[in-house]
Amino acid sequence: MITQSRIEELKRFARQIRLETMKEFRALGFGHVGGSMSIIDLLAVLYGAVMHIDPDRPVWEDRDWLIMSKGHAGPALYATLALKGFFPVSDLQTLNQPGTNFPSHCDRNKTRGVDMTTGSLGQGMSTAIGVALGNRLDRRKSYTYLVLGDGECNEGQVWEGALFAAHRKLSNLIGFIDCNKKQLDGYTKDICDLGNLAAKFSVFNWFAQEIDGSDVGQIITAIEKAKLQQEQPSMIVLNTVKGAGCSFAENALMNHHMFFTREQADEVIAALEAGPEGANK
Amino acid sequence: MTILLAKDNVEEKIAMRDVYCQSLIEHAEKDGRIVALDADLMNSLGMTSFQKRFPERMFNCGVQEANMIGVAAGLSATGKVPYAHSFGTFATRRCFDQIFLSAAYAKLNVRIVGSDPGVAAAYNGGTHMPFEDAGIMRNIPEITVLEPTDSVMLRDLLQQSTQLYGVFYIRLLRKPAVKVYEEGSKFEIGKAIQLLEGTDATIIATGLVVSESLEAAKKLASEGVSVRVMNMFTLKPIDREAVVKCACETGAIVTAENHNILNGLGSAVAEVLAENAPVPMERVGINDLFGEVGPTDYLQQRFELTAADIAKKVMKVIGRKQSNATGILPEKTNVHQAGKR
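Residues numbered from 1 in each chain as written. Chains lettered and ligands numbered in written order. Predicted model: local features only at pLDDT ≥ 70, side-chain atom pairs only at ≥ 80, totals over all residues.

1. Re the overall build of chain B
Okay, so step 1: On a plain count of helices and strands, chain B comes out with 14 helices and twelve strands.
Okay, so step 2: Here the C-alpha radius of gyration of chain B, 20 Å, is about what a compact globule of 341 residues would show, namely 20 Å.
Okay, so step 3: Projected onto its principal axes, the C-alpha coordinates of chain B cover approximately 65 × 40 × 35 Å.
Okay, so step 4: Taken over 341 residues, chain B has a buried fraction of 56%. (Helix = DSSP H or I, 4+ residues; strand = E, 2+ residues; numbered from the N terminus. Rg over C-alpha atoms; globule rule 2.2 N^0.38 Å. Buried ≥ 20, exposed ≤ 12 C-beta atoms within 10 Å, placed from the backbone.)

2. Digging into the packing of helix H9 (residues 210-222) of chain B against helix H13 (residues 307-325) of chain B
Two quantities define a packed helix pair, namely the angle between the helix axes and the distance between the axes.
Residue and element names in this part refer to chain B.
Okay, so step 1: Two elements in contact, H9 and H13, have axes whose closest approach is 8 Å; the angle formed by their N-to-C orientations is 55 degrees. One way to sum up the angle between H9 and H13 is to call them oblique. Judged by the sense of rotation from one axis to the other, the crossing of H9 with H13 is right-handed. Along its contact with H9, which presents Glu212, Ser213, Glu215, Ala216, Lys219 and Leu220, the element H13 presents Ala307, Ile310, Ala311 and Val314. (Axes fitted to C-alpha atoms, helices over the stretch in contact; angles between N-to-C directions. Parallel < 35°, antiparallel > 145°, perpendicular 65-115°, else oblique. Left-handed = near helix turned anticlockwise from the far one by under 90°. Contact = placed C-beta atoms within 7 Å.)

3. Topic: the interface of chain A and chain B
Okay, so step 1: Tallying the contact residues gives 21 residues for chain A and 23 residues for chain B.
Okay, so step 2: Counting residues per element, the ones that place at least two in the side of chain A that touches chain B are helix H5 (123-137) and helix H6 (156-167) of chain A.
Okay, so step 3: The biggest single contributor to the side of chain A that touches chain B is H5(A), with eleven residues.
Okay, so step 4: Among the residues forming the side of chain A that touches chain B, the class breakdown is seven nonpolar, eleven polar and three charged. (Nonpolar A, V, L, I, M, F, W, Y, C, P; charged D, E, K, R; others polar.)

4. Topic: the nonpolar core
Nonpolar side chains tend to gather and get buried jointly when the protein is soluble and globular.
Residues and elements named next belong to chain B.
Okay, so step 1: Ranked by size, the top nonpolar core spans 200 residues in total, and within it Ile203, Ile253 and Val314 carry the most contacts.
Okay, so step 2: Looking at this core, you find at least three residues from each of domain 1 (16-172) and domain 2 (193-325).
Okay, so step 3: Apart from residues no more than four positions distant in its own chain, Val314 is found in contact with Ala201, Ile203, Ala216, Leu220, Val227 and Val254. (Core = buried A, V, L, I, M, F, W, Y, C linked by C-beta atoms within 7 Å. Domains from an automatic or database assignment.)

5. A word on the confidence of the model for chain B
All names here are of chain B.
Okay, so step 1: The predicted model of chain B has a mean per-residue pLDDT of 95, with 95% of residues at 70 or higher.
Okay, so step 2: In the model, residues 329-341 has pLDDT below 50 throughout and makes three contacts with residues more than four positions away in sequence or in other chains.
Okay, so step 3: Quick note on the complex model: pTM equals 0.95, ipTM equals 0.96. (pLDDT = per-residue confidence, 0-100.)

6. Points about unusual backbone geometry
Okay, so step 1: The linkage connecting B:Lys236 with the following residue, B:Pro237, adopts the cis geometry, with an omega of 0 degrees.
Okay, so step 2: Checked against the element boundaries, B:Pro237 lands in the loop between strand S10 (234-236) and helix H10 (240-250).
Okay, so step 3: Here A:Lys181, not a glycine, exhibits a phi torsion of approximately 70 degrees, which is positive.

What follows is the structure in structure tokens.
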């Protein structure tokens, strides 16, 4: 069981990641704010308490892998990796600048600690399966963690992979869906209704759970349950808020990629720096 | 590179698919990194033998090419060397974005095998007839596109591919090929091979029409026309040096391919010529048409891929070369017809 103090520590880590992510965006005045902010509590749990990684050996063979299939959440992942010591936090300020190692979408060849190149939605599902299969073939005990967006689940490739991973009984693959209810053009229910994603994955023979994706305690418990599975891949549907922790993004309908003023960013950063009392979440 | 040419260009006894499967099993015995993937066409290729020998290392993904390519890319990220197969149509058209991003842009290590090139798709017809596969793949930076000519070349290129890194597209005939090389030949990826010397024109050929090109050159030789024949089995990176050398030395080029002349070998050679040595050129290949059903020999005639078609284009290009030498401009009708395409 995780202690309350550990939970508080992870919440602090999540707040730090949000802070550094917002500072990345502030330097530009635009970016994929919504989908970056909504996945940060998961990243805090994975990198703060779950994954076996070593910042000094980013491609260590026995590490756990993270495939950020919703590649536009790169800025959140970069902030997480910087805070874990993969590179200096100051490097984050080069996001999307000419020659940067921190592009909008994740690139395994550019950013230390990024395990897979993603950005064309749906593809991370399959590459994650490949990684999990390869590690299982080599009898490694590592886990592959996969992060999908809910809008991303419009892609047929997600469902090809869903069939295949279950058929192969890939219990070393643990997926998450950042179910923030919105995609680029608006609400998922208005564009191509996804229905009950947990039920769908369950029918596809995955071990599916649905939790509050902003509750670090629930995330840890769900991962622990997923790791008990021997015959099935796991999918954890995270109910999240698109833009979580960034008031101007939370309040905007169209918040997948957005422009904002420096004052707006400063306000969010000040609130995050003020701690849990100051943050609007 | 060591090239030993066969004396007679006759159909081989062994099918190319059998050579592929046997070779891959042999390499997999020695190299635990090698894995194979298929999209419900294992039986067509004969990979059931690989599955029997290495059940843990054969992944039949079912009818899902996009997922198969992504899985192959992921496997390669963990150090595996994957060979992923489907028919050429589906191995390229259905999963171009996955090949482009998950494999090539991500700089991973994946071999894609597209079988039944062009008219070899025969009785599966137009839906299954890839006239565009190599051209599609040629658009991807840093990729290597290969079309093994016969069993000797296939064995050698497969062996090389196990040791190389990157994304490879291998255009694979499943049936027996016409023998062009003798055992012991060693090939260099990216280097064209001269099969016949000649001075009046050069045929640059790949795949199934290499043997047709040899036949055309031999027929023309008997009529006093000296034609060089090159085998350009690497479509990308194309051997620019060889193309320019042939242009300078023979002054006229004909390309021959079992593929659309757009984006395939004809385009690739034209690009080199236009930039380096613009000499008269003609292209034998699919003239921007869809495929159709029928036996391969019928389709070769239907799409003008025979030795006679190649010989006709050689005589035409030599005529243009001679006209150019006397200052006569190309016929206007040619330009007009080209514009209609």
